[in-house]
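Fold and geometry: a report
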Amino acid sequence: MLSAAAVEPIPLSTDPDGVIRVAGTRVTLDTVVDAFMTGASPEEIAQDFPALHLDDLYAVITYYLRHRGEVDTYLRERQTRAEAIRRTVEAHPSQTGLRDRLLARLAS
């Protein structure tokens, strides 16, 4: 008999760096939410990321829709950290001219 009260775990896990990923994959929650918010259906996301199972995608998207405020806060914090890291990397003097050196190496 089917129990309507069956509880399914949310297929999300947090790695040691605090990054939330779809459990058992390297695909981040950020990636799934971004794809969904730009109009991709769960089926389209599953096609783009073969490591993801369709049922897990539906569960993750449902979680996002039910906890939008919390997830949006998490995503903003991740964006802020990413911007800080980018500024640090760009300010590092050894990065000056790196693009030009790589392009020159590629051209030779």
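Scroll up a little and you will see the structure.
Right, let's walk through the structure included here. Nothing here was measured: the structure is a model prediction, and the numbers come from that model. (Residues numbered from 1 in each chain as written. Predicted model: local features only at pLDDT ≥ 70, side-chain atom pairs only at ≥ 80, totals over all residues. Heavy atoms only, no water.)

For the rest of this paragraph, the subject is the environment of Pro9. In this fold, Pro9 is placed in the segment before β1 (12-14). A sequence separation of 47 residues divides Pro9 from Asp56, and the C-alpha atoms of the two residues are 9.8 Å apart. (Helix = DSSP H or I, 4+ residues; strand = E, 2+ residues; numbered from the N terminus.)

Turning to the packing of helix α3 (residues 54-66) against helix α4 (residues 68-91), a few remarks are in order. At a minimum axis distance of 5 Å, the contact between α3 and α4 shows a crossing angle of 100 degrees. One element, α3, and the other, α4, form an angle in the roughly perpendicular class. Taking contact as the criterion, the partners of Tyr63, Tyr64, Leu65 and Arg66 in α3 are, on α4, Arg68, Glu70, Val71 and Asp72. Split into classes, the residues belonging to the contact of α3 with α4 amount to four nonpolar, no polar and four charged. (Axes fitted to C-alpha atoms, helices over the stretch in contact; angles between N-to-C directions. Parallel < 35°, antiparallel > 145°, perpendicular 65-115°, else oblique. Contact = heavy atoms within 4.5 Å. Nonpolar A, V, L, I, M, F, W, Y, C, P; charged D, E, K, R; others polar.)

Moving on to the packing of helix α1 (residues 29-37) against α3. For the pair α1 and α3, interaxial distance at closest approach is 11 Å and the crossing angle is 80 degrees. Judged by the angle between their axes, α1 and α3 are roughly perpendicular. Residues Leu29, Val32, Val33, Phe36 and Met37 of α1 lie in contact with α3, whose contacting residues are Leu57, Val60, Ile61, Tyr64 and Leu65. Here the contact of α1 with α3 is composed, by residue class, of 10 nonpolar, no polar and no charged.

Leu29, Val32, Ile45 and Leu52 are the most contacted members of the largest nonpolar core, which has 19 residues in total. Sorting the residues of this core by element identifies β2 (20-22), α1, α2 (42-48), α3 and α4 as the ones contributing at least two each. In this structure, Ile45 is in contact with Val32, Ala35, Phe36, Ala40, Leu52, Leu57 and Ile61, ignoring residues within four places of it in sequence. (Core = buried A, V, L, I, M, F, W, Y, C linked by side-chain atoms within 4.5 Å. Buried < 20%, exposed > 50% of the residue type's maximum accessible area, 1.4 Å probe, protein only.)

Attention now moves to the environment of Thr14. Along the chain, Thr14 turns up in strand β1. By relative accessible area, which is 55% here, Thr14 ends up exposed. Spatially, the C-alpha atom of Thr14 lies 16 Å from that of Ala59, the residues being 45 residues apart in sequence. Non-local contacts of Thr14, meaning those with residues more than four positions away in its chain, are made with Val19 and Ile20.

This brings us to the pattern of salt bridges. Applying the stated criterion across every chain, the model contains two salt bridges. A salt bridge links Arg21 to Asp15; its shortest N-O distance comes to 3.2 Å. Under the relative-accessibility criterion, Arg21 is labelled buried at 15%. As a salt-bridge pair, Arg78 and Asp30 come within 3.0 Å of each other at their nearest N and O atoms. In this pair, Arg78 is assigned in helix α4 and Asp30 in helix α1, connecting sequence segments 48 residues apart. (Salt bridge = Lys/Arg side-chain N within 4 Å of Asp/Glu carboxyl O.)

A word on the layout of surface pockets. The gaps left among the atoms become clear once a water-sized probe is rolled over them. Space inside the largest pocket adds up to approximately 210 Å³. For the largest pocket, the full set of lining residues is Glu8, Pro9, Ile10, Pro11, Asp56, Ala59, Thr62, Tyr63, Arg66 and His67. Of the residues assigned to the lining of the largest pocket, the class counts are five nonpolar, two polar and three charged. (1 Å grid on protein atoms, 1.4 Å probe; cavity = no way out; pocket = protein on both sides within 12 Å on 5 of 7 lines; lining within 4 Å. Points joined across faces, edges and corners; volume = space filled by probe spheres on them.)

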